[in-house]
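Chain and residue survey
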Amino acid sequence: MTVFLLAILLFFIGLYGVLVKRNLMKIVIGLVIMEYGVNLLFVLIGYSKGGTAPIWSRGMPEGTTMVDPVPQALVLTAIVIGLATTALIAAFAVRIYEKHGTMDVRQIRKLKG
Amino acid sequence: MKRGMTPIVRATARFMTPFIMVLGLYVVLHGHLTPGGGFAGGVFIGGAYVLMVLAYGADGAKSAFYKQRASLFECSGIFLFWFLAVLGLLQKGVFFLNMLQKAAPGKPHTVFSAGIIPLCNLAIGIEVAAGLFSIFITLAVLSRKEKP
Amino acid sequence: MNAAPLFVVVPLGMAFLCLILSRLWKGMPDLVGNLTLGFLAVMSVRFLSFAGATGRYDVGGWVPVGGMPVGISMVVDGLTVLMLLVVNITGFIAGLYSIPYLSRYTDRDRYYTLFLLLMAGLNGVVVSGDLFNLFVFLEITAISAYALVAFGVGAEELEASFKYQVLGGIASLFILLAIAMLYYATGTLNLAGISQSLVRQGNKIPLIFISGFFLAGFGLKAALMPFHAWLPDAHPSAPAPVSAMLSGVVIKVLGVYAMCRVFFNVLSVTPDFMLVLRIMAVTSMILGVYLALGQWDFKRLLAYHSISQVGYVVLGIGLGTPLGIAAGLFHLVNHTAFKSLLFLNAGAVEYSTGTRDLKRMAGLGRLLPVAAWTSLVASFSIAGIPPFSGFWSKLFIVIACLQAGQPVLAAFAILGSIMTLASFLKVRRYAFSDPARTKLKIERKTPWCMSLAMLVLAVFCTVMGLLFLPSVKAVLLGPAAEVLVQGVGYAGRVLGGAP
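Calculation criteria
Residues numbered from 1 in each chain as written. Chains lettered and ligands numbered in written order. Predicted model: local features only at pLDDT ≥ 70, side-chain atom pairs only at ≥ 80, totals over all residues. Helix = DSSP H or I, 4+ residues; strand = E, 2+ residues; numbered from the N terminus. Buried ≥ 20, exposed ≤ 12 C-beta atoms within 10 Å, placed from the backbone. Rg over C-alpha atoms; globule rule 2.2 N^0.38 Å. Contact = placed C-beta atoms within 7 Å. pLDDT = per-residue confidence, 0-100. Nonpolar A, V, L, I, M, F, W, Y, C, P; charged D, E, K, R; others polar. Axes fitted to C-alpha atoms, helices over the stretch in contact; angles between N-to-C directions. Parallel < 35°, antiparallel > 145°, perpendicular 65-115°, else oblique. Left-handed = near helix turned anticlockwise from the far one by under 90°. Pairing = 2+ DSSP bridges.

**Here we look at the overall build of chain B**
- When you go through chain B residue by residue, the secondary structure sums to five helices and zero strands.
- What you see in chain B, going N to C, is helices and strands ordered as α-α-α-α-α.
- For chain B, the residues scored as buried account for 36% of the 148 residues in total.

**Some thoughts on the overall build of chain A**
- Secondary structure summary: chain A contains three helices and zero strands in total.
- For chain A, the sequential pattern of α-helices and β-strands runs α-α-α.
- Taking 2.2 N^0.38 as the reference for a compact globule, 113 residues should give roughly 13 Å; the C-alpha atoms of chain A span a radius of gyration of 20 Å, well beyond that estimate.
- Counting only C-alpha atoms and orienting by the principal axes, one finds that chain A spans roughly 65 × 30 × 20 Å.
- Look at the contacts in chain A between residues 6 or more apart in sequence, and 55% of them connect residues 24 or more apart.

**Overview of the confidence of the model for chain A**
- The share of residues in chain A with pLDDT of 70 or more is 98%, and the mean pLDDT across the chain is 87.
- When the elements of chain A are averaged for pLDDT, helix 3 (residues 69-100) of chain A gives the smallest value, 90, and helix 2 (residues 24-45) of chain A the largest, 93.

**What to know about unusual backbone geometry**
All names here are of chain C.
- Note the cis peptide between Met225 and Pro226, where omega equals 0°.
- Mapped onto the elements, Pro226 comes out in the loop between helix 8 (207-222) and helix 9 (231-237).
- Backbone torsion omega between Pro386 and Pro387 reads 0°, so that peptide bond is classified as cis.
- Mapped onto the secondary structure, Pro387 falls in the loop between helix 15 (369-383) and helix 16 (389-403).
- Positive phi, close to 60°, is recorded for Ala223, a residue that is not glycine.
- Residue position: Ala223 is located in the loop between helix 8 and helix 9.
- Residue Ala223 is classed as buried on the basis of its C-beta count, with 28 C-beta atoms lying within 10 Å.

**Quick notes on the interface of chain C and chain A**
- Contact residues are listed per partner, giving 27 residues for chain C and 27 residues for chain A.
- Contributing elements (two or more residues each) for the side of chain C that touches chain A: helix 5 (131-149) and helix 6 (155-186) of chain C.
- The leading source of residues in the side of chain C that touches chain A is helix 6 of chain C, at 17 residues.
- Of the residues belonging to the side of chain C that touches chain A, the class tally is 19 nonpolar, four polar and four charged.

**Details of the packing of helix 12 (residues 298-319) of chain C against helix 13 (residues 322-353) of chain C**
Residues and elements named next belong to chain C.
- Packing of helix 12 against helix 13 leaves a shortest axis separation of 8 Å and a crossing angle of 170°. Judged by the inter-axis angle, helix 12 sits roughly antiparallel to helix 13. On helix 13, the residues that touch Phe298, Lys299, Leu302, Ser306, Gln309, Tyr312, Val313, Gly316, Ile317 and Leu319 of helix 12 are Gly324, Ile325, Ala327, Gly328, His331, Leu332, His335, Lys339, Leu342, Phe343, Ala346 and Val349.
- Along the lines of polarity and charge, the residues of the contact of helix 12 with helix 13 split into 13 nonpolar, seven polar and two charged.

**Some points on the packing of helix 1 (residues 6-21) of chain C against helix 4 (residues 108-127) of chain C**
Residue and element names in this part refer to chain C.
- Between helix 1 and helix 4, the shortest axis-to-axis distance is 8 Å and the interhelical angle comes to 165°. Considered as vectors, helix 1 and helix 4 are oriented roughly antiparallel to each other. When the axes of helix 1 and helix 4 are compared, the crossing they make is left-handed. In this structure, helix 1 contributes Phe7, Val8, Pro11, Leu12, Met14, Ala15, Phe16, Cys18 and Leu19 to the contact, and helix 4 contributes Asp109, Tyr112, Thr113, Leu116, Leu117, Met119, Ala120, Asn123, Gly124 and Val127.
- The residue makeup of the contact of helix 1 with helix 4, split by class, is 15 nonpolar, three polar and one charged.

**Thoughts on the confidence of the model for chain B**
- Model confidence for chain B is summarised by a mean pLDDT of 81, while 79% of its residues fall at 70 or above.
- The ipTM, which scores confidence in the relative placement of chains, is 0.94 for this predicted complex, and the corresponding pTM is 0.92.

**Things to note about the pairing of strand 2 (residues 73-76) of chain C**
Residues and elements named next belong to chain C.
- Covered by surrounding structure in strand 2 are Ser73 and Val75 together with Met74 and Val76, the residues of both alternating faces.
- Direction of pairing for strand 1 (residues 55-58) relative to strand 2: antiparallel, over a ladder of four bridges. Residue Arg56 lies in a different strand from strand 2, and its bridge partner there is Val75.

**Considerations on the environment of C:Lys359**
- Position of C:Lys359 relative to the elements: it lies in the loop between helix 13 and helix 14 (364-367).
- With 71 residues separating them along the chain, C:Lys359 and C:Tyr430 place their C-alpha atoms 6.8 Å apart.

**So, the environment of B:Gln68**
- Looking at where B:Gln68 falls in the secondary structure, it is placed in helix 3 (residues 64-92).
- In the structure, B:Gln68 is positioned 42 residues away from B:Thr110 in sequence and 37 Å away in space, judged by C-alpha atoms.

Written out as structure tokens, the structure is:
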């Protein structure tokens, strides 16, 4: 139970980063940390006591305890989605810096009202 | 970034790149037997290309030719994966059916088993490698310095 | 039933085929893109023959174990058929509109790739019967939308897309966190399986916590207050057909449809949750239209009205009675028609005159006749003037409020409608009437593709009032509302029905 709370704490640290920080790149990193927290929580959920990796290798006796493979497949997918999102938002941060000349969120305010 | 790094780094990168690529290919092809699979192996192979660009400087990779090539490989990888999934639909009417498993099952725990899964891994490996290289080229090499 | 995966497979493959084949001929992306969108529209009309039955399709042919599907399953029922029609027909019309509109932008092949990926994602969300599959297609749609919003890479579009990405990313992570906690509680990811497991377990799980995260995530995607901050920047900055898709379809499918599917069919709804939905809906309705009154940018005004109209939809659904849910879904369909038409009109005005500022426009009624007449139809429809479609859906929402014993909500709905009328009278007066003050010159006349697209949508706006006739309602809106009213009975129909 403690490890679940620590993973959720990592999520909220990332959320703090997105909400409070002013630099564009720090917001991106906050988003990335949130994603790490959720993926970690997902993998920890699948753990069962004394289980090994959920792949059936040569010479494994029948009836070995394995951890739940479904969260591992889901986390793989979520990591790839996170990669795509991070690449896109980082590219946008770079382009915004080129067009606006600043990385401070408080000064990028062309759209108002 | 434009000039590359010192000759020691260049020699080491030149030496290590084939090993990294072979390791990546191994992880991709054995995705149904060991942990890893298409995505992790693709990251290895893409990383090998990125290492070469970092060591030798961006001048060689600056032309749009590399970006077009990478984009073409990326689309081909995705298209191959899509084609494998649709083959099941065309043959038996079930989307994403593992039809090679029914037609030609191999011995378990060898490379030639588990139907279309190694082929899917290969397609994903090509796609991820090309995609990562394309992202790196776009972000680090081809950025234009415009006036705000 | 076996055609259900085609909605996802075809746009996904054709999106990348577009990019590969664009080297052969420059008009190839247009041709491939529009043929694919036409095919999808025709397929979704053919699915009308389902008429309320529930079908399940197991991807990969994996045989269910013990009655529970292992692996991904796709489910088609009444609500799915309605949403498929809305998504694909709007996509086809927007695709038709974008053939001449894109001459202002470079990179046409990338546009069609992203647009077809958006369609694949939307269809995937609608057809999915599995919670994680829903999340993956939600992300595909969202990433395509982020890229399409910033398609003309100017400083404003980039800023708008960055805001959209940060808030949309937080929303997706909230949804993923809720999925993780739900998996921990139930052990399965199939929507029907989760529903059955929750019914078995009773009140032992902290369902309020999970519901809160889901509501925050989907509410942010649907742009309900207080999660609306990204919409007024993102929707105006996109190209006009993309704005029409975003405002007309994406916020409905990713927000309202996903919320209804998860809350009504999986987690059973409680009266407290409906109260929260109603409060958020009324706030959206009134504050959205209040903020729209002061806008001088044509598309930004329309974006604020989107927030307000989604409030109407969620109010109808939040009432919980069968008439309320049917009226809410009816308003969803109508809003897609008239809001897309309004955004396409704004795009036609921008294409011909090069500006979106209402203060600089005047007297366009005679210079752009098609845009002026269709925008008249759409303005009457959104303000709720008979006999256009908006009048009927708002009338039924008000009647449903009174039937459910909430006269205050009915009063708010009527107040919102009056303010909407005021706002669109302002648009009429500044943009389309008063020819004596015409200062702008028409640089290009409206091409026939754009005019045809706008006329088709105007016909829809006029005719869709008939959707509430009992014979028509039994085919389309009746089964859709039935799915939501039955709530957790969804599980029985999916698992017990034919595979």
